[in-house]
Amino acid sequence: MEITDEEKAAHYLSHIGYYRLSAYMYPLLLIPKEQHLFKQGVAFSKVMRLYRFDKKLRLMLFNEIEKIEVAVRCAIVNFGTEMTGNPFWMTDPDNFANSAKFTRSIHLIEDELNHTKEDFINHFKEVYTNQYPPSWMLTEVLPFGVVTNVYSNIKSKKIKKRIAQSFGLQVAPFESWLTIITVTRNSCCHHARIWNRTFSIRATMPVRMSRPWLSLPTDPLKVYFDMCIIKYFLDIISPNNDMLDKMKSLLTAFPEIDKKALGFTEGWEDEPLWR
């Protein structure tokens, strides 16, 4: 590997860590990779470019996922409260199919309530005698994974269907896509590599699509597919979103990035979803 500035390279290694950076070095090795020999012309600066691209991609996706999280929380709370007629439906065991899952959710809810420093929760505890706050307060302090677990355990098929329909999906794909978004969110949140990564969860696809989607064969285990799911939700939540512009700007700033390593297909810009 070419290292033009050893002092700077040592600085990055000591502050980022060799192990983290090695994930961006591995694809640059000659085959067989066990020999740990780099391809001709590989420079440490290229490794850092890959690292910076991945960081910017994570930040962009995390920002877009936040909008989806807020909208999904809102839909679950609104439809759940309206259709049960109970502001406290999320902590009522009668509304859930699996008692063991409900118990785990309650334990997580109680743990969050016991540790949160949010003023509105403390105010509720001081003013009201209810054991738990209403659902719209709970969803503001619960991790997104807990909220999606609450949804998956709802007993009423009508409620689950209505929530999923608000995003143009059937129940099974909606649950699956929320899991994909949660995994992607956690990867971004914990600074995990998403460039050139193969994810382990395969999304359940809808029987029919009522909105623009993909027409080309696409690897469902690459981050590009996750980006498509994010874009699908954004087009409902924020029809005039600028995710495409952000993606193009990022790819333009890093022209050396192999889009195939991200799962992009040839002609992806002309897909119905992106048009």
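Refer to the structure above for everything that follows.
Notes on the structure follow. Along each chain, residues carry numbers from 1 onward, in the same order as the chain's sequence is written. At least 70 in pLDDT is required for a residue's local features to be given in this predicted model, at least 80 for side-chain atom pairs to be given and counted, and no such filter applies to totals for whole chains, interfaces and linings, which use all residues. Note that water and hydrogens are dropped before the side-chain values are worked out from all heavy atoms of the structure.

By definition, any uninterrupted DSSP run of H or I lasting at least four residues is a helix, any uninterrupted run of E lasting at least two residues is a strand, and each is numbered from the N terminus. When helices and strands are counted, the protein shows 11 helices and zero strands. Beginning at the N terminus, the succession of helices and strands in the protein can be written as α-α-α-α-α-α-α-α-α-α-α. On the principal axes, the C-alpha backbone points of the protein span a range of 70 × 45 × 35 Å. When burial is assessed residue by residue, the protein has 46% of its 275 residues classed as buried. Here, two residues are considered to be in contact whenever any of their heavy atoms come within 4.5 Å of each other. Sequence separation of 24 or more characterises 67% of the internal contacts of the protein that already satisfy a separation of 6 or more. The buried label applies to any residue whose accessible area, calculated with a 1.4 Å probe on protein chains only, is under 20% of its type's maximum; exposed applies above 50%, and partly exposed to all values in between.

We now examine the nonpolar core. Nonpolar cores were defined as sets of buried Ala, Val, Leu, Ile, Met, Phe, Trp, Tyr and Cys residues, with membership established by side-chain atoms within 4.5 Å. Ranked by size, the top nonpolar core spans 82 residues in total, and within it L61, F174 and F233 carry the most contacts. With 16 residues, the single largest contributor to this core is helix α3 (residues 44–84). When sequence neighbours within four positions are dropped, the list of residues in contact with L61 reads T184, C188, I194, V223, M227, I230 and M243.

The next subject is the pattern of salt bridges. Any Lys or Arg side-chain nitrogen located within 4 Å of an Asp or Glu carboxyl oxygen qualifies as a salt bridge. Going through the model one piece at a time under the given rule, you end up with nine salt bridges. Measuring nitrogen to oxygen at the nearest pair gives 2.7 Å for the salt bridge that ties E256 to R49. Taken as a pair, E256 in the segment after α11 (243–253) and R49 in helix α3 lie far apart in primary sequence, 207 residues in all. On the basis of relative accessible area, R49 is assigned to the partly exposed category, the value being 30%. Close ionic contact of K246 with D242 constitutes a salt bridge, the shortest N to O distance being 3.4 Å.

This paragraph deals with empty space enclosed by the protein. Computed over the protein atoms alone on a 1 Å grid, cavities are sets of points where a 1.4 Å probe fits but cannot get out and pockets are open sets with protein on both sides within 12 Å along at least five of seven lines; a residue lines them when it has an atom within 4 Å of a point. Grid points are joined across faces, edges and corners, and a volume is the space filled by probe spheres set on the points. Counted under the stated rule, the structure contains three cavities of 30 Å³ or more. The calculated volume of the largest cavity comes to roughly 40 Å³. As for the largest cavity, its lining consists of F53, L57, M60, M227, M247, L250, L251, L262 and F264. Looking at the lining of the largest cavity, its residues break down into nine nonpolar, no polar and no charged. Three classes are used, and their members are as follows: Ala, Val, Leu, Ile, Met, Phe, Trp, Tyr, Cys and Pro are nonpolar, Asp, Glu, Lys and Arg are charged, and the others, Gly among them, are polar.

This part is about the packing of aromatic side chains. Two descriptors summarise a pair of aromatic rings, namely the distance from one centre to the other and the angle between the planes of the rings. Think of it this way: a Phe, Tyr or Trp ring, Trp meaning its six-membered ring, pairs with another when their centres are within 6.5 Å, and the plane angle makes it stacked under 30 degrees, edge-to-face over 60, tilted otherwise. In the structure shown here, the tally under the stated rule is 21 aromatic pairs. Through a chain of ring-to-ring contacts, three or more aromatic side chains come together here, namely Y151, F167, F174, W177, W213, F225, Y232 and F233. Think of it as a cone above the ring: NZ of Lys or CZ of Arg counts as a charge over the ring if it is within 6 Å of the ring centre and within 35 degrees of the ring normal. For K33, the ring lying beneath its charged end belongs to Y26, and the centroid distance is 4.9 Å.

Relative to the helices and strands, K222 resides in the loop between α9 (171–189) and α10 (223–237). Charged residues are defined here as Lys and Arg on the positive side and Asp and Glu on the negative side; His and the ends of the chain fall outside this count. Among buried Asp, Glu, Lys and Arg side chains, K222 stands out as unpaired, with D219 the closest opposite charge at 5.5 Å. Side-chain atoms alone can form a polar contact between residues adjacent in sequence; in general such a contact is a pair of N or O atoms within 3.5 Å, and within protein one must be able to donate a hydrogen while the other accepts it. Only 3.3 Å separates the side chain of K222 from the side chain of T198, close enough to count as a polar contact. If near-sequence neighbours (up to four positions away) are discounted, K222 is found in contact with N196, R197, T198, F199, A261, L262 and G263.

Attention now moves to the state of the cysteines. Note on terminology: disulfide denotes any pair of cysteine sulfur atoms within 2.5 Å. By the definition in use, this model includes zero disulfides. This cysteine, C188, is not joined by any disulfide, and C189 carries the nearest cysteine sulfur, 8.6 Å off. What makes C188 buried here is its relative accessible area of 6%. Cysteine C228 remains unbridged, with the sulfur of C188 as its closest cysteine sulfur at 15 Å.

Every helix has an expected span of 1.5 Å times one less than the residues it contains. Between its first and last C-alpha, α10 extends 21 Å over 15 residues, near the 21 Å set by a 1.5 Å rise per residue. In terms of burial, α10 is a largely internal element, 13 of the 15 residues being buried.

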